[in-house]
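# Structure at a glance
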Amino acid sequence: MTEMTDGVLHTLFRTEQGGHEQVVLCQDRATGLKAVIAIHSTALGPALGGTRFHAYASDEEAVLDALNLSRGMSYKNAMAGLGLGGGKAVIIGDPDLIKTEDLLLAYGRFVESLGGRYVTACDVGTYVADMDVVARETRWATGRSPENGGAGDSSVLTAFGVFQGMRASAQHLWGDPTLRGRKVGVAGVGKVGHYLVEHLLADGAEVVITDVREESVRRILDKHPQVTAVADTDALIRTEGLDIYAPCALGGALNDETVPALTAKIVCGAANNQLAHPGIEKDLADRGILYAPDYVVNAGGVIQVADELHGFDFDRCKAKATKIFDTTLEIFARAKADGIPPAAAADRIAEQRMADGRAAKAAKAS
């Protein structure tokens, strides 16, 4: 426990990845709930971010994931122009084994105890039905079902936003926003990935997929026999003639092993925290690979759930998500002008917006 605490405190207080406003460890022994709620920033408003339910290898890994994910949400929400800060929660454990109604209700009580500083939603391992349960104990749960006043499955607009980011990437690199005739590899065809495949096929792309869950692959192949499946991500990134690689599963997909092996010229996917460590964005640029920052292109989902706070309207959300195309092009232009990778350009824009938000709060307080 000492090693875990020292590691977490070091990250929080002594690294650039820290700087979080608040980290809450939640435990309810009666239900087996162990959770972490990390609030990175409320400079632009309440911290909004989903709840990940995952069987982590260690408690330290869970806390660090919450820290990284919540930081990413601050940047995502800033770039999406939502007037919201960044937060994230993780529930530790295999959802197939320990997820119960009572556990979710206990979690909802912890969210409510924060008084609106943190607004939750779905993420890996949690679904609309889960948010309906959580919402019975807190008013700060989004991603609920339409029957319960929510927006429903946020994966729909997440995939749509990634598709807009891909179109912008194609426009920037090849001068044409269409993906017709392009070979696109999608790693992870679950909640978001299968919707992305639909957009790609409708636009005339050739699609190659992989997923650790055989049933997810089979669902795609049964509906679209023209899609090709490969054994794993390692095979996918080495696919000959691949134009675009879309990581749509867990984070860290772009690392010291995968980047040198990539055959694609564009990386644009739905997964959060795709860059395994600082410096990977430069490695991509050095190889001539255009990287569309993950937290920019996958913001469609957070745009959708954030709208619940104002009375959900799907058409309004889709119009906002369509602007991901323009935002992505803006980042590529800033990167070229500043002579930096697109990930660094997006960070600069987001950080300036958060700094402006903090300054405005300070001025109002004085």
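Residues numbered from 1 in each chain as written. Predicted model: local features only at pLDDT ≥ 70, side-chain atom pairs only at ≥ 80, totals over all residues. Heavy atoms only, no water.

Turning next to the overall build of the protein. Check the secondary structure of the protein and you find 15 helices and 12 strands. For 366 residues, the compact-globule formula gives about 21 Å, and the C-alpha radius of gyration of the protein, at 20 Å, lands near that figure. Every one of the 366 residues in the protein was classed for burial, and the buried ones make up 54%. Taking the intrachain contacts of the protein between residues at least 6 apart in sequence as the baseline, contacts between residues at least 24 apart amount to 65%. Accessible area for the protein stands at about 15,700 Å²; split by element, carbon and sulfur atoms hold 50% of it. (Helix = DSSP H or I, 4+ residues; strand = E, 2+ residues; numbered from the N terminus. Rg over C-alpha atoms; globule rule 2.2 N^0.38 Å. Buried < 20%, exposed > 50% of the residue type's maximum accessible area, 1.4 Å probe, protein only. Contact = heavy atoms within 4.5 Å. Areas by Shrake-Rupley, 256 points an atom, 1.4 Å probe, with all protein chains shown as cover.)

What follows covers the packing of helix α2 (residues 59–80) against helix α15 (residues 342–365). Between α2 and α15, whose axes approach to 9 Å, the crossing angle comes to 80°. Considering their axes alone, α2 and α15 lie roughly perpendicular with respect to each other. For the pair α2 and α15, the contacting residues are Ser74, Tyr75, Ala78 and Met79 in the first and Ala346, Asp347, Ile349, Ala350, Glu351, Arg353 and Met354 in the second. In terms of residue class, the contact of α2 with α15 is made up of 7 nonpolar, 1 polar and 3 charged. (Axes fitted to C-alpha atoms, helices over the stretch in contact; angles between N-to-C directions. Parallel < 35°, antiparallel > 145°, perpendicular 65-115°, else oblique. Nonpolar A, V, L, I, M, F, W, Y, C, P; charged D, E, K, R; others polar.)

Take the sheet that holds strand β12 (residues 290–291) next. The strands that make up a sheet are held in pairs by hydrogen bonds between backbone atoms, and each pair lies either parallel or antiparallel. Read from one edge of the open sheet, 6 strands run β9-β8-β7-β10-β11-β12, paired in parallel fashion. Looking at the sheet topology across the chains shown, the edges are occupied by β9 (228–229) and β12. Across 2 bridges, the pairing between strand β10 (residues 244–247) and strand β11 (residues 266–267) is parallel. Residue Tyr245 lies in a different strand from β11, and its bridge partner there is Val267. The strands touched by helix α7 (residues 193–202) are β7 (183–187), β8 (206–210) and β10; relative to β7, the strand with the most contacts, the crossing angle is about 170°. (Pairing = 2+ DSSP bridges.)

Between its first and last C-alpha atoms helix α14 (residues 324–338) spans 21 Å; for 15 residues at 1.5 Å apiece the expected length is 21 Å, and the two agree. Taken residue by residue, α14 has Ile324, Phe325, Thr327, Thr328, Ile331, Phe332 and Ala335 as its buried positions. One or two steps after α14, the chain reaches Gly339, where phi turns positive at roughly 70°. (Expected span 1.5 Å × (residues − 1).)

Right, let's get into the side chain of Ser169. Its place among the elements puts Ser169 in helix α6 (residues 155–174). A polar side-chain atom of Ser169 sits 2.8 Å from the main-chain carbonyl oxygen of Gly165. Once you skip the residues sitting within four places of it in the chain, Ser169 turns out to touch Ile266, Cys268, Leu290, Ala292, Thr328 and Phe332. (Polar contact = N/O pair within 3.5 Å; in protein donor to acceptor, adjacent residues only side chain to side chain.)

As a further point, take the confidence of the model for the protein. When the pLDDT values of the protein are averaged, the result is 94; 98% of them are 70 or greater. Across residues 1–5, confidence stays below pLDDT 50; counting only partners more than four residues off in sequence or on other chains, it has 3 contacts. (pLDDT = per-residue confidence, 0-100.)

Core analysis: the largest hydrophobic core is formed by 31 residues, its most contacted members being Met166, Val186, Leu196, Val197, Leu200, Val207 and Ile209. Where this core is concerned, the elements lending two or more residues are α6, β7, α7, β8, α8 (214–223) and β10. In terms of residues, this core owes the most to one element, α6, which gives 5 residues. Filtering out sequence-adjacent residues up to four positions away, Leu200 remains in contact with Phe163, Met166, Leu179, Val184, Val186, Ala205 and Val207. Membership of the second largest hydrophobic core comes to 23 residues, among which are Cys26, Leu103, Leu114 and Val133. (Core = buried A, V, L, I, M, F, W, Y, C linked by side-chain atoms within 4.5 Å.)

So, about the packing of aromatic side chains. Counted by the stated rule, this structure contains 2 aromatic pairs. On the numbers, 5.7 Å between centres and 65° between planes, the contact of Tyr75 with Tyr295 is edge-to-face. Placement of Tyr75 in helix α2 and of Tyr295 in helix α11 (residues 294–297) is noted, with a sequence separation of 220 residues between them. This pair shows no difference in class: Tyr75 is buried, exactly as Tyr295 is. When the ring of Phe312 is compared with that of Phe314, the centres are 6.4 Å apart and the planes differ by 70°; the resulting orientation is edge-to-face. For Lys191, the ring lying beneath its charged end belongs to Tyr127, and the centroid distance is 4.5 Å. Positioned above the aromatic ring of Phe160 is the side chain of Lys318, whose terminal nitrogen or guanidinium carbon lies 5.0 Å from the ring centre. (Phe/Tyr/Trp six-rings, centres within 6.5 Å; stacked < 30°, edge-to-face > 60°. Lys NZ or Arg CZ within 6 Å of the ring centre and 35° of its normal.)

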